[in-house]
Amino acid sequence: MKKVFPLIVVLITLSVIGILFIQMSWINNALKLKREEFQHEIENALIQIKDDLQSKFIDNKTLIMLTKGARESFLRDNFTTQKLSEEEVRQIIDKDLRRNNIKLPYEYTILNIFQTPLFISPGFKLQESASAYQKDLNNPDSDMNQEKLYISINEDKNLIFREMGWMIAASIVFTCIIIMAFAVTVRTLFNQKKLSEIKSDFINNMTHELKTPLATISLAIDALTNEKVIHDADKIKIYSSMIKEENKRMNKQVEKILQAARLEKEEIKLNLQKLDVHQIIAKVTDNISLQVQEKNGGLSLKLNATNPIIEADEVHFSNIIFNLLDNAMKYSTAAPQIIVETLNTGNGMLSIKIKDNGIGMDKETLSRIFEKFYRAHTGNLHNVKGFGLGLSYVKAIVEAHEGKIRVESTPGKGSIFTVILPTVEKA
Ligand code: ADP
């Protein structure tokens, strides 16, 4: 299965290149054919001009009734264009060229054996006569001086291209469509592959996350049923609070997955009400500060906003603050120093900054943290758990509140997450 994917990509690439080559050679052949057709048309026109000039010569002599043989010998002995008028010659050349589909501008001359023009159109350049189309006007066995017709056609080099334009354009369009469809297919295949990797990562993560509390609960229950413990009220309290804690942890994990699932179905229903951001921050930090202290860290608040009132959903908004603070605490090697700062920015917006002195993120991580299931390789922080869902949830909720989220970070130094939300009047 692993080898099928690159094989398909190679096969399709080769096929597209092959089709391109075949198409190019078809177009090339078609161009060649067009050129040959043009040559053929000119040759036909020259033959017809010669015939028509000769017929006109005979007409003028009123010798129409001649037999074929007599006509041939009469022409052999007498034909010269000098007996035709300028107008007659011009009309014949014009008519025969048009009849053969040659509608391009042209110049012509008829030269006698001494290279003296008998007829010449105003634009014909004698020095270029070698490159013009040529036709002997006397039959080969004629006794008369050989007269030669020269036609120089102002060939438009791009004409053939223009005539075949639709064909070239269509093949370019179709080729582009094939290449685009191919690119989309390859991208979809890659995405599918990435998705299945993400899925198995997620399942691994989830099993791991739920297994630990389950194992602790199972051990605690075993202990509770132990003869020595069953009569010791203090121990029962300790074990049951352990079970409660682990239960809470599991609940939190399940809730995170459910949050993500709800986002997936675009089911964000906001119960909007006026909220004092400072109050919510105080409530959430209360819950988290114990854990920060356990890690010998510190959490300080700089609530400088004069108008901290926003219209928001209390539960979702509390989750946002909690997720950002939880990350600030999780992704630090040393004792976490977290600062929460609020500020009113001039245009009726409120900015909430959460700064940490944690491990920080590189550019690649920064560009992906808001993707669902994305988790950076946290190096030696093996114990940092998560599903990679927290920030995608935060972003979706902030945007649902018509806000924005920004992040700045320096690897090894720390990160600053800034949430910007519109404020409302206090009253
Ligand atoms: P989780 O924390 O469950 O992995 P998140 O969506 O909350 O998922 O975060 C995604 C990733 O962003 C994390 O795995 C981590 O690599 C990175 N990250 C988030 N917050 C921080 C932070 N404050 N400092 C450093 N890295 C962070």
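A quick note: this is a predicted structure, and the numbers were derived from the prediction, not measured.

A. Fine view of the overall build of the protein. On a plain count of helices and strands, the protein comes out with 11 helices and 11 strands. Against the globule reference of 22 Å for 427 residues, the protein gives a C-alpha radius of gyration of 45 Å, more extended than a compact globule. With the C-alpha coordinates aligned to their principal axes, the bounding extent of the protein is approximately 145 × 55 × 40 Å. Among the 427 residues that make up the protein, the fraction classed as buried is 35%.

B. Main features of the environment of Lys 61. When you line up the elements, Lys 61 lands in the loop between α1 (4-60) and α2 (68-78). Sequence spacing of Lys 61 and Val 407 is 346 residues, and the spatial spacing of their C-alpha atoms is 100 Å. When neighbours within four sequence positions are excluded, Lys 61 is seen to be in contact with Phe 74 and Lys 83.

C. View of the packing of α1 against helix α5 (residues 165-224). Where α1 contacts α5, the axes come no closer than 11 Å and their chain directions differ by 175°. Comparing their axes, α5 and α1 come out roughly antiparallel. Across from Phe 5, Val 9, Ile 12, Thr 13, Val 16, Leu 20, Gln 23, Ile 27 and Ala 30 in α1, the residues of α5 making contact are Met 167, Ile 168, Ser 171, Thr 175, Ile 178, Ile 179, Phe 182, Val 186, Leu 189, Phe 190 and Lys 193. For the contact of α1 with α5, the class distribution of residues is 15 nonpolar, 4 polar and 1 charged.

D. Structural context of the nonpolar core. In terms of nonpolar packing, the biggest core is built from 36 residues, with Ile 310, Phe 317, Leu 324, Leu 325 and Ile 352 touching the most fellow members. Those elements giving two or more residues to this core turn out to be α8 (277-294), β7 (309-313), α9 (314-330), β8 (337-345), β9 (349-355), α11 (390-400) and β11 (414-422).

E. Structural detail: α5. Along its 60 residues, α5 runs 87 Å from first to last C-alpha, staying within 8% of the 88 Å computed at 1.5 Å per residue. Restricting attention to buried positions, one finds in α5 the residues Ile 168, Ser 171, Thr 175, Phe 182, Val 186, Phe 202, Glu 209, Pro 213, Ile 217, Ala 220 and Ala 223.

F. Just the site of the ligand, in detail. Not every one of the 19 residues close to the ligand is listed here, only the nearest: Asn 327, Tyr 331, Asp 356, Arg 375 and Leu 391. Tyr 331 places a side-chain nitrogen or oxygen 2.6 Å from an oxygen atom of the ligand. At 3.4 Å, a side-chain N or O of Ser 415 approaches a nitrogen atom of the ligand. When the ligand sits alone it has 530 Å² of accessible area, and the protein chains cover 99% of it. Top element by residues in the shell around the ligand is α9. It accounts for 3 residues. Across the shell around the ligand, the residue classes tally to 10 nonpolar, 6 polar and 3 charged.

Each value, and the rule that gives it
Residues numbered from 1 in each chain as written. Predicted model: local features only at pLDDT ≥ 70, side-chain atom pairs only at ≥ 80, totals over all residues. Heavy atoms only, no water. Helix = DSSP H or I, 4+ residues; strand = E, 2+ residues; numbered from the N terminus. Rg over C-alpha atoms; globule rule 2.2 N^0.38 Å. Buried < 20%, exposed > 50% of the residue type's maximum accessible area, 1.4 Å probe, protein only. Contact = heavy atoms within 4.5 Å. Axes fitted to C-alpha atoms, helices over the stretch in contact; angles between N-to-C directions. Parallel < 35°, antiparallel > 145°, perpendicular 65-115°, else oblique. Nonpolar A, V, L, I, M, F, W, Y, C, P; charged D, E, K, R; others polar. Core = buried A, V, L, I, M, F, W, Y, C linked by side-chain atoms within 4.5 Å. Expected span 1.5 Å × (residues − 1). Near = heavy atom within 4 Å. Polar contact = N/O pair within 3.5 Å; in protein donor to acceptor, adjacent residues only side chain to side chain. Areas by Shrake-Rupley, 256 points an atom, 1.4 Å probe, with all protein chains shown as cover.

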